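# Structural overview for review
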Amino acid sequence: MPRKVEISGLSKWFGELEALRQIDVAVEPGEFISVVGPSGCGKTTFLRMVAGLEPATSGTILIDGQPLRGPGNNRGFVFQNDSLLPWRTVLANALIGPEVAGKVGDRERQRTLDLLKLVGLGGFENYYPRQLSGGMRQRVNLARALAIDPDVLLMDEPFASLDAQTREIMQTELLRIWEQGRKTVLFVTHQIDEAVFLSDRVLVFARRPGRLQENIEIKLPRPRALALKRTPEFIAYVDRIWTMIEHDVRAAVIDEHV
Amino acid sequence: MWNTVRDKYTAGTLSVVGGLLLWELVSRVLIANQLFLAAPSQIVYAIYTLAKSGELEKHIAISAVEFAIGYVIAAVIGIAFGFGMASSVRCKQALQPWISGFYATPTIALAPLFILWLGIGIWSKVLVVIFLVLFPVTINTEAGLRTTSERLIEMLKSFGASRSQIFFKVSLPSALPFILAGLKLGIGRGLIGVVVAELFGSRAGLGRLISQSADAFNMPELFAGVIVLAVAGIAMTAGFGWLEKRLVPWTKD
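Because the structure is predicted, anything quoted here is derived from the model rather than measured.

### Structural notes on the sheet that holds strand β10 (residues 211-217) of chain A
Residues and elements named next belong to chain A. Spatially, the six strands line up as an open sheet ordered β6-β7-β8-β3-β9-β10, and their pairing is mixed. With one partner strand each, in any of the chains shown, β6 (75-78) and β10 form the two edges of the open sheet. The mean angle between the axes of side-by-side strands here comes to 20°, regardless of whether they run parallel or antiparallel. Here strand β7 (residues 152-156) runs beside strand β8 (residues 184-188); their pairing, made up of five bridges, is parallel. Bridge assignment links Val152 to a residue of β8, and that residue is Thr184.

### Quick word on the environment of B:Gly119
Residue and element names in this part refer to chain B. Mapped onto the secondary structure, Gly119 falls in the loop between α5 (111-118) and α6 (122-146). What makes Gly119 partly exposed here is the crowd of 13 C-beta atoms within 10 Å. Separated by 18 residues in sequence, Gly119 and Val137 have C-alpha atoms that sit 27 Å apart.

### Points about the interface of chain A and chain B
Interface size is commonly expressed as the accessible surface area that is lost when the partners come together. Chain A puts 18 residues into the contact, and the matching count from chain B is 14 residues. It is helix α3 (residues 96-100) of chain A that contributes the most residues to the side of chain A that touches chain B, three residues altogether. When the residues that make up the side of chain A that touches chain B are grouped by side-chain class, the tally is 12 nonpolar, five polar and one charged.

### Things to note about the packing of helix α2 (residues 40-53) of chain B against helix α3 (residues 55-87) of chain B
Residue and element names in this part refer to chain B. Relative orientation of the contacting elements α2 and α3 amounts to 85°, with a least axis distance of 4 Å. The pairing of α2 with α3 is recorded here as roughly perpendicular in orientation. Of the residues in α3, those touching α2 at Ile47, Leu50, Ala51 and Ser53 are Glu55, Leu56 and Glu57.

### Topic: the pairing of strand β4 (residues 58-63) of chain A
Residues and elements named next belong to chain A. Note that strand β1 (residues 5-14) and β4 share five bridges and pair antiparallel. Counterpart to Ser11 in the pairing with β4 is Ser58. Note that β4 and strand β5 (residues 66-67) share two bridges and pair antiparallel. By the bridge assignment for β5, Ile63 is matched with Gln66. Hairpin geometry of β4 and β5 is characterised by an intervening segment of two residues between the two adjacent antiparallel strands and by a positive phi of about 50° at Asp64.

### Observations regarding the sheet that holds β4(A)
The four strands lie next to each other as β2-β1-β4-β5 (chain A), forming an open sheet whose pairing is antiparallel. The sheet is open, and its two borders are formed by β2 (17-27) and β5 of chain A, each paired with just one other strand.

### Some remarks on the nonpolar core
Membership of the largest hydrophobic core comes to 75 residues, with the highest contact counts inside it found for A:Val50, A:Ala143, A:Leu154 and A:Leu186. Once residues lying within four places of it in the same chain are set aside, the contact partners of A:Leu154 are A:Leu47, A:Val50, A:Ala51, A:Arg75, A:Gly76, A:Phe77, A:Val78 and A:Leu186. Counting 54 residues, the second-largest nonpolar core is a separate cluster that includes B:Ala111, B:Phe114, B:Leu145 and B:Leu206.

### Looking at α6(B)
All names here are of chain B. With 25 residues, α6 extends 36 Å between its outermost C-alpha atoms, agreeing within 8% with the 36 Å of an ideal straight helix rising 1.5 Å per residue. Residue Leu134 marks the point of greatest curvature in α6, where the axis turns by about 25°; the proline Pro136 follows within four residues. With 22 of its 25 residues buried, α6 lies for the most part within the structure.

### Brief notes about the environment of A:Thr89
Residues and elements named next belong to chain A. Tracing the chain through its elements places Thr89 in the loop between β6 and α2 (90-94). Classification of Thr89 by C-beta neighbours within 10 Å gives partly exposed; the count is 18. Taking the C-alpha atoms as reference points, Thr89 and Asn126, 37 residues apart in sequence, are found 5.2 Å from one another. Once residues lying within four places of it in the same chain are set aside, the contact partners of Thr89 are Glu125, Asn126, Tyr127 and Tyr128.

### Topic: the environment of B:Arg163
For B:Arg163, the location among the structural elements is in helix α8 (residues 163-200). On a C-alpha basis, the gap between B:Arg163 and B:Phe223 in space is 54 Å, while along the polypeptide they are 60 residues apart.

### With respect to helix α7 (residues 150-158) of chain B
Spacing of three or four residues puts side chains on the same side of an α-helix, whose turn is 3.6 residues. Of all the positions in α7(B), only B:Leu152, B:Met155, B:Leu156, B:Lys157 and B:Ser158 are classed as buried. Looking at the buried side of α7(B), the elements it contacts are α1 (43-51), β6 and α3 of chain A together with α8 of chain B. Downstream of α7(B) by one or two residues, B:Gly160 has phi in the positive range, about 80°.

Here is what the cut-offs are and how they apply
Residues numbered from 1 in each chain as written. Chains lettered and ligands numbered in written order. Predicted model: local features only at pLDDT ≥ 70, side-chain atom pairs only at ≥ 80, totals over all residues. Pairing = 2+ DSSP bridges. Helix = DSSP H or I, 4+ residues; strand = E, 2+ residues; numbered from the N terminus. Axes fitted to C-alpha atoms, helices over the stretch in contact; angles between N-to-C directions. Buried ≥ 20, exposed ≤ 12 C-beta atoms within 10 Å, placed from the backbone. Contact = placed C-beta atoms within 7 Å. Nonpolar A, V, L, I, M, F, W, Y, C, P; charged D, E, K, R; others polar. Parallel < 35°, antiparallel > 145°, perpendicular 65-115°, else oblique. Core = buried A, V, L, I, M, F, W, Y, C linked by C-beta atoms within 7 Å. Expected span 1.5 Å × (residues − 1). Bend = angle between axes of the 7 residues up to and from the residue.

By themselves, these observations are geometric and do not establish any function.
Given below as structure tokens:
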């Protein structure tokens, strides 16, 4: 079976700054992969490069064996801030992907309405973003990415701006949605427990330069419920990853305060 | 609900009514000389007689035509300039010094020159209005397009949007509140332009009505002209407020 995403020797320089060094990652179809690391480790840059929003300095990204050429409809991007258009209704926002591709028919409309139901926004399709809570806006953000029926879902700290309780609910919701479609997911987060809870594998990045430090398989049974977070196995994974990046995180914190 | 509405308007209404009463009292009792100050009741009467004779209608029609032609031309050119400046660095560099210069200059002072060039008919006033309205519209349009959120542009790019799709789906709608604000600013400036240009030389118009009333020491008619202008300005600005609520509701509440 061909790999869904195959990244080899991926490097990125911003002028004189080496942001990412020689990343090699292979992703199987339907895998849920998280990327964690201290701030400044290049995890968001990595995701943006897979999205085609940022060109690579060197190295290759293959999707279904095809080299990547800019953004495309085989990948859906879920943004950290919801990036909803304030003048559009929930439905019109979610339909922007098909609209850009020039195909908004009854089929797309129905599909998107079903997706809004799937993310728990049934009945809200005619609301405007300003009428929604942060959690609901992130649900629209997710539905919008799913509306183009992408092979790969790229998520950039989508729950970072939500409060702790809403975030936990959104994590279980995301798993529920993912179980139904089994899309390949690349999920960037700074929350280790979030990464362990959601993923089949966690990629741990280190900083200066940003690089792949460790590739940890999460062998926890699915489907997963929130109670899993209190089991010793779960805590052991979180501890192990935390120990790995602790030194880097401390260094990053000091850097940011100087 | 009724209570909040009443609270919202009580103070304002009382203040206006009180002010008018005070005005009436001062001009009737203290000054008691129509050459210096007209009482509100006399102004209302003057408006009534001017309207009845058809005189007021004539002046309003002339001023309205001058304003409308100048305003529409300025809006069209201003929005086009704003688009040009936002989309091309060259264009911005070429236009910026002129825009900044004219915006800062009291161009109203050029009115006598325009009258010299174009005569005392409506076109000299149209030109003054264009000069006064054009620059705020241009500046706002450009600022609105330039401040389009990078996040929203990025979002659209992630779906593979083309440049023109980004323009029509993100830049233009997010610039709309700015463009409307520029047009709103233009109303007041345009009205000033019409009246002042008419004061410098004209055959008819509200400015003309005001200047000929002043020459004849006819205070009620002078105030009548001013009141009509004020009402026009308030009505148009309120109309814009309504339009903003309909067109760009996301900027409110």
